[in-house]
Amino acid sequence: MFKISRKWTSILAAAVVGGSMFVGSSWAQDAAAPAAAATPTPTPTIETRVADLEAYVTNSSPNTTQIGPLGATSGPGHNAWMMVSAAFVLMMTLPGLALFYGGLVRAKNVLSIVAMCFGITGLVSILWWAVGYSLVFGTSFGNPFLGGSEFFFFKGVTSAPNTSYAYWVSQNVFAIFQLTFAIITPALIFGATAERIKFSAVMLFTFLWMFVVYFPLAHMVWGGTGLMNGVWNASAKIPAIDFAGGTVVHMSSGWTALILCLILGKRLGYGKEPMPPHSMVACFIGTALLWVGWYGFNAGSAVAADGVAANAFLTTTLATAVASFVWPMVEWLFKGKPSILGFCSGAVAGLVVITPACGFVNSTGAVIIGVAAGIVPFIAVTYLKALIGYDDALDTFGVHAIGGTMGALLTGVLVAPEVNANLSAPGVAGANGLLAAITSHTLVIAQLKAVGITIALAVVGTAVIGLLVKFTIGLRPTPENESQGLDITDHGEEGYILN
Amino acid sequence: MKKIEAIIKPFKLEEVKDALADLGIEGMTVSEVKGFGRQKGHTEIYRGSEYTVDFLPKIKIEVVLSDSLLESATAAIVKAAKTGKIGDGKVFVSPVEEAIRIRTDETGEKAV
């Protein structure tokens, strides 16, 4: 045990230091962190102070030339919502996803799912603190593909807002909110590989994948200088939109899942022996926690308690409720019975598909998305999977990749500019072509480009990392261990001792 | 002495137990078992995966009794456990050579 933990510690430390040095040496010359202009100003007038209060209520910028008492502080309402949202999104992984996935595997592997969710939470938090947050939300590289080095080790990440992303939310809250997204994304991948991947392989793959796929992709989509950040980057080359992570979270994890499960191969006995879920009750509880937590994910992605968040709250509910109803009804029609797994799958599919759209579409768009989410992923996991024959154990590809891709494209079709002022802001959307794309109904072209880049990055990145892990520490347990179950062989415990 | 082994539908256990008690039969052993005869199993569907579950849950009752009670006991079990639908179960009868009550060392029919 001691030897293993020492090995892990040194791998981690070396990689963190190595990663930061790599970035530091190759980009340092471009680094010019924008220092806040803190020129001494006269006592703010009462007009400035009232205007700052109004700015807090309307979630707009406080006066920056005459810094008042609210100038560099967070707003309690917005901050409160974002802290709740961050906790909600963490709840999606622990225990939401752990129970959703854990219920769907056989009893002998339930703890391996819990371990991977928990392990990823800790590992990604360390990476996020050290370099991840900065590589995604920094801007010092001035680069469309990777952020900057100014926030390495959370330097300068304080309770004051980072106004590039939110006028009234503390940057430390914003950083932790975004951390919870970085946690759930790799955790989603390992549904496809469930019951036949070593814990050590999960950790090493995740470590590498965050650098190769997640950090660059999240910067491209959400970073201030990101390549396809149509809403916030005035010079985005591709004016695409992704409100809460259809590309960053669901497409990236879903397409990665497909490639990784192909590299990994099928479970022993797949197609020959039954592998039914060991607890549909756990799966249901996990699904319900995912749904509730997803309000933090989607409405929280407004990074304010404002009207955009309110709209996302509505669209998330509608799309999810509709999809959770349509999926089991379609199943009833074609398979004879409406199953609990059908209700659960429909809810998750609805949540996935509305994710990129929730802050950009209206209620009609949300219902259309709900119907599509109840039908298309159902076809993917029921018929496409059987046709192609890959062993995507828990249907990460069928739900997250298919659903996420469909959501990114539907966002381009169903976008409703009246629900979100950022879609028509002259300074950004007007400058990078987003506004023009929306008015000419060609936004779907930008969305297609974003989809293409996301798939390419996830597929190529995963192929390289997956093979690297396979030929170094190995991906799969021995056949004996796989038959016995990973709970005992990898963790020395059993999920249930019933006597 | 004879032993009756009756495989019945689980929800019929109470009725069978009461019918045997009415005959004065004072003891029995009950187990939850799985198996199939002509009824076969059922299909479970989890998204794209369909599994046939061959073994259905049943209850096995074991009763050891004197030869004189045998006919009325088997008739009572058959009557109580019958639904008329496939899967009602079966009754097996076999001879028992000896029985011993551990507490008192009694043997034979006195012990059952």
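Residues numbered from 1 in each chain as written. Chains lettered and ligands numbered in written order. Predicted model: local features only at pLDDT ≥ 70, side-chain atom pairs only at ≥ 80, totals over all residues.

Draft legend 1. Main features of the overall build of chain A. Along chain A, the regular secondary structure elements total 17 helices and 0 strands. Taken against the 2.2 N^0.38 rule, which gives 23 Å for 499 residues, the C-alpha radius of gyration of chain A at 23 Å falls within 12% of a compact globule. With respect to the three principal axes, the spread of C-alpha positions in chain A is 75 × 55 × 40 Å. Counting across all 499 residues of chain A, residues that qualify as buried make up 57%. In chain A, 76% of the contacts between residues at least 6 apart in sequence involve partners at least 24 apart. (Helix = DSSP H or I, 4+ residues; strand = E, 2+ residues; numbered from the N terminus. Rg over C-alpha atoms; globule rule 2.2 N^0.38 Å. Buried ≥ 20, exposed ≤ 12 C-beta atoms within 10 Å, placed from the backbone. Contact = placed C-beta atoms within 7 Å.)

Draft legend 2. Seen up close, the confidence of the model for chain B. All names here are of chain B. For chain B, per-residue confidence averages 93 on the pLDDT scale, and 100% of positions sit at 70 or higher. In the model of chain B, strand 4 (residues 49–53) stands out as the element of lowest mean pLDDT, 86, in contrast to strand 1 (residues 2–8), which has the highest, 97. Reported confidence for the predicted complex is 0.74 by ipTM and 0.86 by pTM. (pLDDT = per-residue confidence, 0-100.)

Draft legend 3. Geometry of the interface of chain B and chain A. With 6 residues of chain B in contact, the opposing surface of chain A contributes 12 residues. Here the side of chain B that touches chain A gets 3 residues from one element, more than from any other, and that element is strand 3 (residues 42–46) of chain B. Per-class residue counts for the side of chain B that touches chain A are 3 nonpolar, 1 polar and 2 charged. (Nonpolar A, V, L, I, M, F, W, Y, C, P; charged D, E, K, R; others polar.)

Draft legend 4. The arrangement of the environment of A282(A) in detail. Residues and elements named next belong to chain A. For A282, the location among the structural elements is in helix 8 (residues 280–298). It is 5.4 Å that separates the C-alpha atoms of A282 and L99, two residues lying 183 residues apart in sequence. Among residues more than four places away in sequence, those in contact with A282 are L99, G102 and G103.

Draft legend 5. Broad picture of the environment of P274(A). As for its placement among the helices and strands, P274(A) is situated in the loop between helix 7 (246–264) and helix 8. For the pair P274(A) and G142(A), spaced 132 residues apart in sequence, the C-alpha separation works out to 53 Å.

Draft legend 6. Spatial organisation of the packing of helix 6 (residues 199–222) of chain A against helix 15 (residues 443–471) of chain A. Residues and elements named next belong to chain A. Interhelical geometry of helix 6 versus helix 15 gives an angle of 150° and a closest axis separation of 10 Å. Between helix 6 and helix 15, the angle is such that the two are roughly antiparallel. Taken as a pair, helix 6 and helix 15 cross one another with a handedness that is right-handed. Of the residues in helix 15, those touching helix 6 at A201, L204, F205, L208, W209, V212, V213, P216 and L217 are T454, L457, A458, G461, I465, G466 and V469. (Axes fitted to C-alpha atoms, helices over the stretch in contact; angles between N-to-C directions. Parallel < 35°, antiparallel > 145°, perpendicular 65-115°, else oblique. Left-handed = near helix turned anticlockwise from the far one by under 90°.)

Draft legend 7. Representation of the nonpolar core in the model. All names here are of chain A. Residues L97, V353 and I369 are the most contacted members of the largest nonpolar core, which totals 168 residues. Top contributing element to this core by residue count: helix 6, with 17 residues. When neighbours within four sequence positions are excluded, V353 is seen to be in contact with A319, I369, A372, A373, G403, M406, G407 and L410. (Core = buried A, V, L, I, M, F, W, Y, C linked by C-beta atoms within 7 Å.)

Draft legend 8. Focus on the packing of helix 9 (residues 307–335) of chain A against helix 10 (residues 340–354) of chain A. Residue and element names in this part refer to chain A. For the pair helix 9 and helix 10, the least separation of the axes is 7 Å and the interaxial angle reads 140°. As far as their axial angle goes, helix 10 and helix 9 are oblique. Helix 9 and helix 10 meet at a crossing whose hand is right-handed. Seen from helix 9, the contacting residues are T315, T316, A319, T320, V322, A323, S324, F325, V326, W327, P328 and E331; seen from helix 10, they are G342, F343, S345, G346, A347, A349, G350, L351, V353 and I354.

Draft legend 9. Looking closely at helix 12 (residues 396–414) of chain A. Counted at 1.5 Å a residue, the expected span for helix 12 of chain A with its 19 residues is 27 Å, and the 25 Å between its end C-alpha atoms agrees. Of all 19 residues making up helix 12 of chain A, 18 are buried, and the element is well covered by its neighbours. (Expected span 1.5 Å × (residues − 1).)

Draft legend 10. Representation of the sheet that holds strand 2 (residues 29–35) of chain B in the model. Residue and element names in this part refer to chain B. Ordered in space as 2-5-1-6, the 4 strands form an open sheet in which the pairing is antiparallel. Both edges of this open sheet fall to strand 2 and strand 6 (89–95), since each of them pairs with a single strand only. Here the average twist between neighbouring strands, direction ignored, is 20°. Bridge analysis of strand 2 against strand 5 (residues 56–65) gives 7 bridges, and the strand direction is antiparallel. Paired with S31 across the strands is K60, a residue of strand 5. Sitting on the sheet, helix 1 (residues 13–22) is in contact with strand 1, strand 2 and strand 5, with an inclination near 10° to strand 5. (Pairing = 2+ DSSP bridges.)

Draft legend 11. The pairing of strand 1 of chain B, seen in detail. Residue and element names in this part refer to chain B. The pairing of strand 1 with strand 5 spans 7 bridges and is antiparallel. Counterpart to I8 in the pairing with strand 5 is I59. Two elements, strand 1 and strand 6, share 7 bridges in a ladder whose sense is antiparallel. When the sheet's bridge partners are listed, K3 is paired in strand 6 with S94.

Draft legend 12. Layout of unusual backbone geometry. Residues and elements named next belong to chain A. Note that the residue after L94, namely P95, is joined by a cis bond; omega there is 10°. On the secondary structure map, P95 appears in helix 3 (residues 76–104). Although it is not a glycine, F153 sits at a positive phi angle of roughly 55°. Along the polypeptide, F153 turns up in the loop between helix 4 (110–137) and helix 5 (171–189). Its 13 C-beta neighbours within 10 Å are what place F153 among the partly exposed residues.

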